[in-house]
Amino acid sequence: MAAKKRSVIGGVDTHRDTHHAAVIDSTGGLLGDAEFPATTAGYADLLAWMRSFGRVTAVGVEGTGSYGAGLARYLTGRRIAIREVDRPDRRARRAQGKSDPIDAIAAARATLAGTAMGTPKTRTGPVEAIRALRVARRGAVKARTAALNQMRGLVAAAPEPLRAHLTKLSAAVLVSRCAALTYDPARLHEPEHATAAALSGLARRVTALTDEITTLDRQVTPIVQRAAPRTTALFGVGPEVAAQLLTTAGDNPDRLHSEAALAHLCGAAPIPASSGRVRRHRLHRGGDRGANHALHTIALCRMRYDQRTRAYVHRRITEGLSKQEILRCLKRYIVRDVYTALRADFTALAP
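Here the structure is a predicted model, which means the values were calculated and not measured.

K.L.:
Go over the packing of helix α6 (residues 126-156) against helix α9 (residues 191-227), please, and point to the residues and values.
P.N.:
At a minimum axis separation of 9 Å, α6 and α9 run at an interaxial angle of 160°. With respect to each other, α6 and α9 are oriented roughly antiparallel. By crossing handedness, the relation of α6 to α9 is classed as left-handed. Considered class by class, the residues forming the contact of α6 with α9 number 23 nonpolar, four polar and five charged.

Written out as structure tokens, the structure reads:
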């Protein structure tokens, strides 16, 4: 009976096929650890096993954005408080070693100590749909860039007739000309024909990837506009930038308990860099780099086209700030607009 009344905390080290769980009491003492399959039945067994030790007040899960996503959704659906746990730092691993039980126990104790305070994304709404489509788009963009770089490299070392015909061209013209190249399949042992065949194949690949990116943009854009009309209406925020900001925030905006929290998550929070008589702040190099790049895109757009921003930049330059410091300030101000818009959009989406 005492075991049923006591409060316990769980920790889970997640993997592709199995999850290792540990349970501790309110003083951090280990009550048990066990391994479960990463399946729906395994999740049910894991929760039942944890509850056999007492009332589960919270569970720290490592990797809620990858291997632990399914478990996090399952536990959230059972009204279990979930905390997102970072990997132990290298110093701790050198001192304690590395194993699944050790990592699970560390996750539970980090949750008890309060160092694991992150709320996982629910991944059950339109933002998760946007994220999935953007994963495919990002892969296609990366592959297209690689193919274009390969084409440039082949052209640079191509036999003179090809090199003269294809050098110093824009990407679009290069792809068009390479797609029209002809070669003799019987003479592929000759560098000129082999290079033409390779360039023609790469051009077809780039064209196919461009079509794929266009299709994905056409699929993502209406979802973004429906989910975040106020965010996409901000100056300098297009569908791709809005999609990144939504992905960073997640489907449950309660994760972002304040404007400052969003700034920290986006790597736009001011970090003190003072020493002696110098009082200054520097750029924050942590956080979600995709979100930081989105803020950077908005800032550059406003610096070029928004009259108020241009006036602000001019004033700060006269005060002696560098371009990097001005960008940092602009990103922080932009976070204020983004936070207000995102909260309004998510409030409108709420049932």
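On we go.
K.L.:
Please set out the pattern of salt bridges residue by residue, giving values where relevant.
P.N.:
Working definition: two side chains of opposite charge can pair if their charged atoms are close together. Summed over all chains, the structure comprises 13 salt bridges. Between Arg163 and Glu160 there is a salt bridge, and its shortest N-O distance comes to 3.1 Å. Of this pair, Arg163 and Glu160 both sit in helix α7 (residues 160-166), three residues apart, which is roughly one turn of the helix. Judged by relative accessible area, Arg163 falls into the partly exposed class, the value being 29%. For Glu160, a relative accessible area of 46% corresponds to the partly exposed category. A cluster of three or more residues bridged by salt bridges with shared partners is formed by Arg134, Arg137, Asp217 and Glu240.

K.L.:
Can you lay out helix α13 (residues 289-305) for me, pointing to particular residues and giving the numbers?
P.N.:
Along its 17 residues, α13 runs 24 Å from first to last C-alpha, staying within 8% of the 24 Å computed at 1.5 Å per residue. Among all positions in α13, only Ala291, Asn292, Ala294, Leu295, Ile298, Ala299 and Arg302 are buried. Down the axis of α13, the smallest arc covering the buried residues is 155°, so these residues share one side. In α13, those exposed residues whose orientation departs by more than 90 degrees from the buried face are His293, Arg304 and Tyr305. Where the residues of α13 are buried, they touch α11 (239-249), α14 (307-318) and α15 (323-349). The residue sitting at the N-terminus of α13 and contributing the capping side-chain oxygen is Asp288; that oxygen lies 2.9 Å from the backbone nitrogen of Gly290.

K.L.:
Please provide a residue-by-residue account of the pairing of strand β5 (residues 82-85), values included.
P.N.:
As paired strands, strand β4 (residues 55-62) and β5 are joined by four bridges and run parallel to one another. Within the sheet, the bridge partner assigned to Gly60 lies in β5 and is Arg83. Considered for its hand, the β-α-β crossover made up of β4, helix α3 (residues 69-77) and β5 is right-handed.

K.L.:
Any details on the environment of Leu75? Residues and values, ideally.
P.N.:
With respect to the secondary-structure elements, Leu75 resides in helix α3. When its relative accessible area of 0% is taken as the criterion, Leu75 is described as buried. Distance from Leu75 to Tyr43, taken between C-alpha atoms, is 8.0 Å for residues 32 residues apart in sequence. When residues no more than four places from it in sequence are discounted, the contact partners of Leu75 are Leu47, Val59, Val61, Ile80 and Ile82.

K.L.:
Any details on the pairing of strand β2 (residues 18-24)? Residues and values, ideally.
P.N.:
Across the seven residues of β2, six count as buried, placing the element largely inside the fold. Here six bridges tie strand β1 (residues 7-14) to β2, and the two strands are oriented antiparallel to one another. When the sheet's bridge partners are listed, Thr14 is paired in β2 with His19. Taken together, the seven bridges between β2 and strand β3 (residues 30-37) define a ladder with antiparallel strand orientation. Bridging from a neighbouring strand, Ile24 pairs with Leu30 of β3. Taking the residues between adjacent antiparallel strands as the criterion, β2 and β3 are bridged by five residues, where Gly28 takes a positive phi near 95°.

K.L.:
Tell me about helix α2 (residues 40-51), and please be specific about residues and values.
P.N.:
With twelve residues, α2 extends 17 Å from end C-alpha to end C-alpha; this agrees with the ideal 16 Å at 1.5 Å per step. Buried within α2 are the following residues: Gly42, Tyr43, Leu46, Leu47, Trp49 and Met50. Each buried residue of α2 lies within a common arc of 160° when the element is viewed along its axis, so the set occupies one face. In this structure, the buried side of α2 is in contact with β1, β2, β3, β4 and α3.

How each quantity is defined
- Residues numbered from 1 in each chain as written.
- Predicted model: local features only at pLDDT ≥ 70, side-chain atom pairs only at ≥ 80, totals over all residues.
- Heavy atoms only, no water.
- Axes fitted to C-alpha atoms, helices over the stretch in contact; angles between N-to-C directions.
- Helix = DSSP H or I, 4+ residues; strand = E, 2+ residues; numbered from the N terminus.
- Parallel < 35°, antiparallel > 145°, perpendicular 65-115°, else oblique.
- Left-handed = near helix turned anticlockwise from the far one by under 90°.
- Nonpolar A, V, L, I, M, F, W, Y, C, P; charged D, E, K, R; others polar.
- Salt bridge = Lys/Arg side-chain N within 4 Å of Asp/Glu carboxyl O.
- Buried < 20%, exposed > 50% of the residue type's maximum accessible area, 1.4 Å probe, protein only.
- Expected span 1.5 Å × (residues − 1).
- Arc of directions from axis to C-beta.
- Contact = heavy atoms within 4.5 Å.
- Polar contact = N/O pair within 3.5 Å; in protein donor to acceptor, adjacent residues only side chain to side chain.
- Pairing = 2+ DSSP bridges.
- Right-handed = clockwise from strand over helix to strand, strands pointing away.

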